[in-house]
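# Structural features, examined
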Amino acid sequence: MLEWRNWSGSVVARPASIVRPRNEHELASAVRNAARVRATGAGHSFMPLCETDGTLVALDAMEGDLAVAPDRQTVDTPAGWSLKRLTERLWSEGLSLANQGDVNPQSLAGALATGTHGTGRELGSLSTLAEGFRLMLADGAVVDCDRRACPELFEAQRLSLGLLGIALRARVRVIPALHLEERIERVPLDAVLERLDELAGATRHMEFFLFPYADSVMLKTLHPCGEGGDPGEDGGDELFRACCEFAAAVPRSIPIMQRTLTRLWKPSVRSGPAWRIFPSERDVRFEEMEYEIPAEAAVAALRDALKRVRARRMPLAFPFEFRLVAADDIWLSPFHAGPCASISVHQYAGMPWQASFAELEAVFRAHGGRPHWAKRHGLTAEDVLALYPRATDFGRVRQAFDPEGKFMNGHMRQLFGFSA
């Protein structure tokens, strides 16, 4: 029996077949002959987005190359490429993405389909960079869509969760090659929260990591700079892995361990090509929940979450991550309602997470939060309709292009059953 697991190991699928087509003809044959289809990239979703007992499609072997537009404002690229492959290839053309998240193994298609983002008050999610798509529909037909051709399909596809078809290629906006300087320093939490607007306005990219039992943060800022040196390779963090393993064995050690690790954080500065500076190595595996909180409620939401963790002595071994994301107009985007702060809660993959995440999800929902679609959440179809004013428009387009629900799975039906 075939088995597929996501990156953290918590999502398991047993598809009838796993296919890696090399071209559109092979993919069309697989799609036409399947009753149910889901596509997968690097498996960095913590929700069962890729789970299926039908056909699981991986696009990493598809033929095709990057095409740079004459004005060098956009590129047309295979959607199955990883962000690492795409950004390295862009660099060879003297180009960069305007922003990236903190890891880069994900496929471009998956990042766009789930609203993956980096940080920066004036910068939106990667989905906001999309200008067009080439899709394979449920019957194996291929369609191109953008703001002029099939505009409703394009609007829904900008963040689609893979419900409309399989993205073959994507046209995305790019910028001239960007060099960045990264600075990391330890700062008291209260000082950062009191100066949050000032820090956000003074930096292109700002985020911080905070152990929930500590009172200082690791503040990370990225600034455009001149050509820098080689940023080197991030070899991972074996000390942190050892701490997580000890925390799993002795959960009561977590508070003092986190305060100790925070004191051990050292300031650092490095610079180099943006595609090398944006991502970090994440070799200690974890489970994650992330909520996008309206900017005006973000500080209160973070403080309430920390208060809940400490009052309940939740055994969370990993730090929180706090980022900023600009508003957008994408139908299913959690940033549709306005600019947000993104608060991510992580747990070491070897430790329980369900109870802690459920309690903190209630805190974030109380502050108007919406979850990242690919990270742990408990939304229902009723929640989707309540949180997303354009959900019915998305459902109408989904039903029109996949009336038999070939691209649905059990999880998708729980969220979008209203469109069946």
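For the structure itself, look to the data block above.
Here we summarise the structure given alongside this text. Owing to the predicted nature of the structure, the values given are computational and were not obtained by experimental measurement.

## Side note on the packing of aromatic side chains
Within the structure shown, the criterion is met by 15 aromatic pairs. Here the aromatic rings of Phe133 and Phe154 are separated by 6.0 Å at their centres, their planes lie at 45°, and the arrangement is tilted. Taken together, the residues Phe133 in strand β9 (residues 130-136) and Phe154 in helix α4 (residues 151-157) connect sequence positions 21 residues apart. Considered together, Phe133 and Phe154 belong to a single accessibility category, that of buried residues. Between Phe211 and Trp265 the ring centres are 5.6 Å apart and the planes differ by 15°, which places this aromatic pair in the stacked class. Taken together, the residues span a long stretch of sequence, with Phe211 in the loop between β14 (205-210) and β15 (216-224) and Trp265 in the loop between α8 (254-264) and β16 (268-273) at a distance of 54 residues. Summarising the burial analysis for this pair, Phe211 and Trp265 share the class buried.

## Re the side chain of His346
On the secondary structure map, His346 appears in strand β19 (residues 340-348). Among the polar contacts listed, one links the side chain of His346 to the backbone oxygen of Pro319, at a separation of 3.0 Å. Setting aside residues no more than four positions away along its own chain, His346 makes contact with Phe286, Glu287, Glu288, Leu316, Phe318, Pro319, Glu321 and Phe357.

## A look at the nonpolar core
By size, the foremost hydrophobic cluster in this structure holds 107 residues, and its most contacted members are Phe208, Phe320, Leu360, Phe364, Trp373 and Phe416. Among the elements that take part in this core, helix α10 (residues 298-312) stands out by supplying six residues, more than any other. Ignoring sequence-local partners within four residues, the contact set of Phe416 consists of Leu161, Leu163, Leu332, Trp373, Val384, Phe394 and Met408. Formed by 13 residues, the second largest nonpolar core is a distinct cluster that contains Leu27, Val57, Met136 and Ile166.

## Digging into the packing of helix α7 (residues 238-249) against α8
Across the interface, α7 lies against α8 with an axial gap of 10 Å and an inter-helix angle of 165°. One way to sum up the angle between α7 and α8 is to call them roughly antiparallel. In this structure, α7 crosses over α8, and the sense of that crossing is right-handed. Contacts between α7 and α8 involve Leu239, Phe240, Cys243, Phe246 and Ala247 from the first element and Ile254, Met257 and Leu261 from the second. For the contact of α7 with α8, a count of residues per class yields eight nonpolar, no polar and no charged.

## Regarding the pattern of salt bridges
Using the criterion set out here, one finds 38 salt bridges in the structure. Between Arg303 and Asp190 there is a salt bridge; the shortest N-O distance is 3.2 Å. With Arg303 in helix α10 and Asp190 in helix α5 (residues 189-194), this pair connects stretches of sequence that are 113 residues apart. For Arg303, a relative accessible area of 36% gives the class partly exposed. The salt bridge involving Glu207 is made with Lys220; its shortest N-O contact spans 3.9 Å. Here Glu207 is found in strand β14, whereas its partner Lys220 is found in strand β15, with 13 residues between them in sequence. Across this residue pair, the class does not change: Glu207 and Lys220 are buried. The network of salt bridges with shared partners includes Glu288, Glu290, Glu321, Arg323 and Lys375.

About the cut-offs
- Here the residue numbers are simple positions, counted from 1 along each chain's written sequence.
- Confidence filtering applies because this is a predicted model: local features only for residues at pLDDT of at least 70, side-chain atom pairs given and counted only at 80 or more, and all residues used for totals across whole chains, interfaces and linings.
- Side-chain metrics rest on all non-hydrogen atoms present in the structure, leaving aside hydrogens and water.
- Put simply, two rings from Phe, Tyr or Trp (the six-membered ring, in Trp's case) pair if the centres are within 6.5 Å, and we call them stacked under 30 degrees between planes, edge-to-face over 60, tilted for the rest.
- Every helix listed is a DSSP run of H or I at least four residues long, and every strand listed is a run of E at least two residues long, numbered separately from the N terminus.
- Under the scheme applied here, a residue whose accessible area is under 20% of the maximum for its type counts as buried, over 50% as exposed, and between as partly exposed, the area being computed with a 1.4 Å probe on protein chains only.
- Whenever a nitrogen or oxygen atom comes within 3.5 Å of another N or O atom, the pair is scored as a polar contact, on the condition that within protein one atom can donate a hydrogen and the other can accept it, and that pairs from neighbouring residues in sequence are kept only if both atoms are in side chains.
- Here, residues are in contact when the closest pair of their heavy atoms is within 4.5 Å.
- The nonpolar core is taken to be a set of buried Ala, Val, Leu, Ile, Met, Phe, Trp, Tyr and Cys residues, with the residues joined through side-chain atoms within 4.5 Å.
- Only the stretch in contact is used when a helix axis is fitted, and all axes are lines through C-alpha atoms; the angle between N-to-C directions ranges over 0 to 180 degrees.
- The scheme is simple: roughly parallel for angles under 35 degrees, roughly antiparallel for over 145, roughly perpendicular for 65 to 115, oblique for anything else.
- We call a crossing left-handed when the near helix sits turned anticlockwise from the far one by less than a right angle, and right-handed when that turn is clockwise.
- Three categories are distinguished: nonpolar for Ala, Val, Leu, Ile, Met, Phe, Trp, Tyr, Cys and Pro, charged for Asp, Glu, Lys and Arg, and polar for the others, with Gly belonging to the last.
- We define a salt bridge as a side-chain nitrogen of Lys or Arg found within 4 Å of a carboxyl oxygen belonging to Asp or Glu.

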